[in-house]
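# Structure at a glance
Chain residues, written in single-letter form:
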Amino acid sequence: MKEAEIRRLLAANLLCVFTVILTVVVPPFFWDGFTVLGTHLAWLCVCSVCVSTLNIILHLVLKPNLSPKRISFAHKISRFLKCCVYFFMSCILFHAIIVLYGAPLIESVTETFLFAVLLSTFTTLQCLCMLGPNLQAWIRVFSKNGATSIWESSLQITTICSIFGAWFGAFPIPLDWDQPWQVWPISCSLGATFGYVAGLIIAPLWIHWNRKQLTYKSR
Amino acid sequence: MRLRSGVFASSCLLMEALGVALFLRGFFPVPIRSLSRREVRGDPPAEPAPSGPGMVSNWTKIPPPLFKKVVIVLIDALRDDFVFGSKGKQFMPYTAQAVEKGTSYSFIAEAKPPTVTMPRIKALMTGSIPGFIDVIMNLNSPALLDDNLIWQAKTSGKRIIFYGDDTWVKLFPKYFVEYDGTTSFFVSDFTEVDNNVTRHLDRVLKREDWDLLILHYLGLDHIGHMTGPNSPLVGPKLNEMDNILKKIHTSLISKEEASLPNLLVVCGDHGMSETGSHGGSSEGEVRTPLLFISSAFEKRSASTLAVCLGLPIPRNSVGKLIWPVVGGKTMREQLRFVHLNGFQLSRLLQENTPVYEKESDPGYEHFKIAEKSHGNWIKLYLEGNNSEILLNFGKKILKQYLEALKTLSSSLSKQVAQYDVYSMLVGAVIIMEVLLLLLLSIPKALSSRAEFEVPLSPPLFSLLFYLICLVLCAVHVIVCTSAESLCYFCSLSWLTAVGVIMLISVLMCGILSTIARVFENSRLPLKNPVVSSSNWSEIDLLIVTGTLVHVLSLGASSFIEEEHQTWYFLINTLCLVLCQELCRNNFLLKEWDPQHSTAVKRNFDRIGEVSECKNIDMLGTRNSKLGKTTSSAEFIKDSDKWISLASPWIILICCRLLRSLNQTGVQWAHRPDFGHWLTSSEHKSELSFLAAVSLLMVFFLVQRRCSLVSKIAMALGLLGVYSYRAAIGNVIFPWQHDSQDISKNLKNVCNYKEKCAGIIQHICTSVQLYKTIMTKYIWRPLNCDATQITIMHYWFGQAFFYFQGNSNGLATVDVTAGFVGLESYLEIPAVFLTAFATYAGPLLWAIHLLCYLSSEDSRNSVAVSHGSFCYALMRSIPVAIYIVLVTGLRYHLFIWSVFSPKLLYEGVHVFITTAICLFFTAMDQNHSHKVQD
């Protein structure tokens, strides 16, 4: 049971990694002059859209948290709307935090906001898919020893990795190397992406490694 | 010997301060000096003798002067674009015209950093490269003893008149026939300071009894300091300067006789940066114009000036002649000039290099060859040869000479960067040993007893100690006897040196015995289970990684330039982590009510683990702490909860605002910032409003705990601060009647309030107090231990250092703060006030830390001790690592522009931290005595 689930998780994560790679490789065929560094904003849009659609599809197909109850259609709609609001709010929150970290307030608002959207895709969207708009569950998952399944552990790891990636991505900005990728927000968004990819790869391996220690209490 | 960890930390810091002082003394090279200055000056060298026998050139005298009278107008902080740029055309029409008409030679001179007035004057007059150490002595100028232009002029009977900055009068006492010094200490004075110079001009220009007139105008520099290079005040000032130049020039021309023309030299001693200050090495600060205006023709260098005046070239000058100025003379004279210049340079080089390298220097070889051919040329000349051949040959020799001069000059400049490695090494060894000792004593010093057994007596009588002492003494003797270059540590008296050596060996033995004891302890009882890092809380993790990241970032020059970004980044992260911690504490404890106790227990376990991993056995306090946690969790009111949840965000927003108050660093320094917006003249009312509000805020926040008398005193003090600012003209005084009288009164008041005014340098500082109180909401609910709190305070202190507008460049040190309330320059108060104003942020946070920790005293009696120990540790880690880095990078391209200023900052910070720690310890001792009584 456990082994099979880990394998499913690995497949899903590898699919995500694959999508991220595709967003870099595929668009140049359709769009002349598309590069990650040159047309960074476009890449940010493409990447967040692709990753979010894939995540939603995976969520619908795999259904990691099976809820036995039948939910009415209206409830589903309200849930969906709530998710949208939550996502938007998380974008705003990330934007605010980035500005607090020192991003310019008025100039390059689009860059900052798209970066915030990318971060939310990597973090909030997954949480929304997995846990729904349920703040209590979020707090539970993100506190110590709070995960109740493999999927939630994976969620923890990828989220933390993407945020750390973005955090480390800010380091090279003050250096005077005059590289094209030092421009705001390229290094940060690349860092977040690398962190996300690393998290996706590490999560199944780490869970596999520690499968003896990981005993999930049922709720 | 048993020491409390606070005492231990401060004694460690004292030793470290000694080490830092030694290192700094060794690192900043003593500028190249010709050994004995002017006494042994021989006669000027004769023209090289022609090789043939019987032909002796009889020209041994210095060439006659090129100009009769020379007027040097030195305009402080004159940037090159003020003369040559669009501003020059607009505001200095006469000068710009002179440049275009071709009656002048104009250059852009590159000043070597440090671009501060006193070293620059020294450099101009002696031709040497200013030492970095000169910055520290910038304010206090003892008489210049090296060979210099003024001395040369004086001894050859020239009469010199000087008006302007009284630094000159101090540097060259008794050299001037007539002088009037103006002080540069009233920085807000833009007009009087220049009028005091100009008022003599009419009288002097009419007279005939002088040869050299030096005028030093300070007004432009003052405007730059107060309002920056783009202020509307700059234009009129430049215009005023232009009129003065016009007056001098026309009077010089009118008096010119047939014999010799007069010369007008216009120069700046340094430029100004985009923010209006100077001291660093940015483009604007380094480039200054240099104009030679004279009707005779069409680098600021002591050599050129000397030749122009017909004086011997100062011995320590490392400069070259500025060629076009002396062009147009006969070939013999030209050759004579370069020969003199070359001879002086090669002698300087010889005196400063070891014997074996003397003959091998390429510049020296070039010079010898050129000298030889010069001799041949003289022979031809004296034989009365064909002028055509003579001219061509002469040109060739000239070229050789110039090449030789170039190589000589550059190899001399390289010589300046000589380090006193032995002193550096001794200092670094002391610092590293102190750091090791501190690191090794962490477990003991942070334990609940906060006491540290200093292994003093066994090493003092051990064989090892004497052996180390002996070996070090031997090394010392060997190094000092064999060292050829100057070595500071060797020049100390032998008693001091032996003292330092004993200190080193004591530290060494102490470290060894501590290591031995640690090993014994770990072998005997393995009671403490190995604590893995997974038990660390996020805050611990962040603190450790943050410290490491910051220390490592010091190795890159751009991270030093932008160090403020590192700190802002770290405190932001710290706030977010705190927020997360608060969220968890609040929500988790609330929601899992059935599992409440377990959650608390887990929380407590975590605390326990944390403390265990730091070997803090809080057995005594455990129970009380647990009780407190539960009770506080139960009785937390909703409002309190929300305030504590919101406080990290408020702090984050405040940080963001403060961050835009002053842009510092290098890359983004030109961005418009809030501080300049406020201080610009259009926004005076906003500034006054803000200042008043923040002063009121300070009053209302602080007055709660004060008695009536101190309340009144404080109110008066704050009122004094505001009115002082108003008198100076920074803010608007609401009732503005005869302000002259008021300001006179205020000056007296300010003598008492100088400290206050020093603190409230910027408004930002007063916002600080407000914020300091805000933070209290955070620490209380989170039961952090003293260590964490200390480190957080240290971080915030560092961030505030940069919020204030400081940076790691010397340009941002606000020297004006040193003269608040002082009638004249007094060295010690000025230095103290400047240091106080610069380090106001870290100091305030340290004081707040002390208040907080001593209020915690009832709960944790050793909090203050822990605090001071951590403070010492936090300071010595970056210093030790940075010293190693700087030693490794001492031939880096940016060593003088980036790394050395940072080293100075670090050094001063160590001294200040030492003072803070001593203060902490004194408070702690005092307190514990009281408790015992």
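Residues numbered from 1 in each chain as written. Chains lettered and ligands numbered in written order. Predicted model: local features only at pLDDT ≥ 70, side-chain atom pairs only at ≥ 80, totals over all residues. Heavy atoms only, no water.

Identification of chain B as GPI ethanolamine phosphate transferase 2 from Patagioenas fasciata monilis is taken from an unreviewed UniProt entry. Per UniProt, chain B has the following entry under Subcellular location (unreviewed entry): "Endoplasmic reticulum membrane". Quoted straight from UniProt, the Sequence similarities (unreviewed entry) entry for chain B says "Belongs to the PIGG/PIGN/PIGO family. PIGG subfamily." (UniProt positions renumbered as here; feature names shortened; annotations may be inferred.)

Going by an unreviewed UniProt entry, chain A carries the name Phosphatidylinositol-glycan biosynthesis class F protein and comes from Patagioenas fasciata monilis. Annotation of chain A in UniProt includes, under Subcellular location (unreviewed entry), the sentence "Endoplasmic reticulum membrane". Regarding chain A, the relevant UniProt record gives this comment under Pathway (unreviewed entry): "Glycolipid biosynthesis; glycosylphosphatidylinositol-anchor biosynthesis."

All right, on to the UniProt feature "transmembrane region" (unreviewed entry) in chain A then. In the numbering adopted here, UniProt assigns the feature "transmembrane region" (unreviewed entry) to residues 9-29, 41-62, 83-106, 112-132, 153-171 and 183-209 of chain A. Along residues 153-171 of chain A, the helical share is 89% and the strand share 0%, with 28 Å between the first and last C-alpha atoms. (Helix = DSSP H or I, 4+ residues; strand = E, 2+ residues; numbered from the N terminus.)

Attention now moves to the confidence of the model for chain B. Residue and element names in this part refer to chain B. Here chain B shows a mean pLDDT of 69. Residues at 70 or above account for 61%. When mean pLDDT is taken per element in chain B, helix H18 (residues 421-440) scores highest with 89 and helix H27 (residues 596-613) scores lowest with 35. Counting interchain partners and residues more than four positions distant, the pLDDT-below-50 stretch residues 50-58 has 14 contacts. Every residue in residues 526-534 scores below 50 in pLDDT, and together they form three contacts with partners more than four places removed in sequence or on other chains. With pTM at 0.70, the complex prediction returns an ipTM value of 0.89. (pLDDT = per-residue confidence, 0-100. Contact = heavy atoms within 4.5 Å.)

The next thing to look at is helix H5 (residues 109-122) of chain A. All names here are of chain A. Taking 1.5 Å per residue, 14 residues should reach 20 Å; H5 reaches 20 Å between its end C-alpha atoms and fits that length. Among the 14 residues of H5, ten are classified as buried, and the element is accordingly described as predominantly covered. Within H5 the residues assigned to the buried category are Thr112, Leu114, Phe115, Ala116, Val117, Leu118, Leu119, Ser120, Thr121 and Phe122. Against helix H3 (40-62), helix H4 (73-100), helix H6 (124-131), helix H8 (150-169) and helix H9 (186-209) lie the buried residues of H5. (Expected span 1.5 Å × (residues − 1). Buried < 20%, exposed > 50% of the residue type's maximum accessible area, 1.4 Å probe, protein only.)

Take empty space enclosed by the protein next. All names here are of chain A. Approximately 190 Å³ is the volume attributed to the largest cavity. Along the wall of the largest cavity there are 17 residues; nearest its centre are Asn55, Leu58, Gln126, Met130 and Trp151. Elements represented by at least two residues in the lining of the largest cavity include exactly helix H1 (2-25), H3, H6 and H8. Looking at the lining of the largest cavity, its residues break down into eleven nonpolar, six polar and no charged. (1 Å grid on protein atoms, 1.4 Å probe; cavity = no way out; pocket = protein on both sides within 12 Å on 5 of 7 lines; lining within 4 Å. Points joined across faces, edges and corners; volume = space filled by probe spheres on them. Nonpolar A, V, L, I, M, F, W, Y, C, P; charged D, E, K, R; others polar.)

Before going further, it helps to examine the packing of H5 of chain A against H6 of chain A. Residue and element names in this part refer to chain A. Running from N to C, H5 and H6 cross one another at 35°; their axes reach a closest spacing of 3 Å. Residues Leu119, Ser120, Thr121 and Phe122 of H5 lie in contact with H6, whose contacting residues are Thr124, Leu125 and Gln126. Across the contact of H5 with H6, the residue classes break down as three nonpolar, four polar and no charged. (Axes fitted to C-alpha atoms, helices over the stretch in contact; angles between N-to-C directions.)

Another point: the UniProt feature "transmembrane region" (unreviewed entry) in chain B. Residue and element names in this part refer to chain B. UniProt annotation of "transmembrane region" (unreviewed entry) refers to residues 421-440, 460-479, 491-519, 715-735, 828-851, 872-891 and 903-923 when read in the numbering used here. Summarising residues 421-440: 100% helix, 0% strand, and an end-to-end C-alpha distance of 28 Å. Here residues 903-923 runs as 100% helix and 0% strand, with 30 Å between its end C-alpha atoms.

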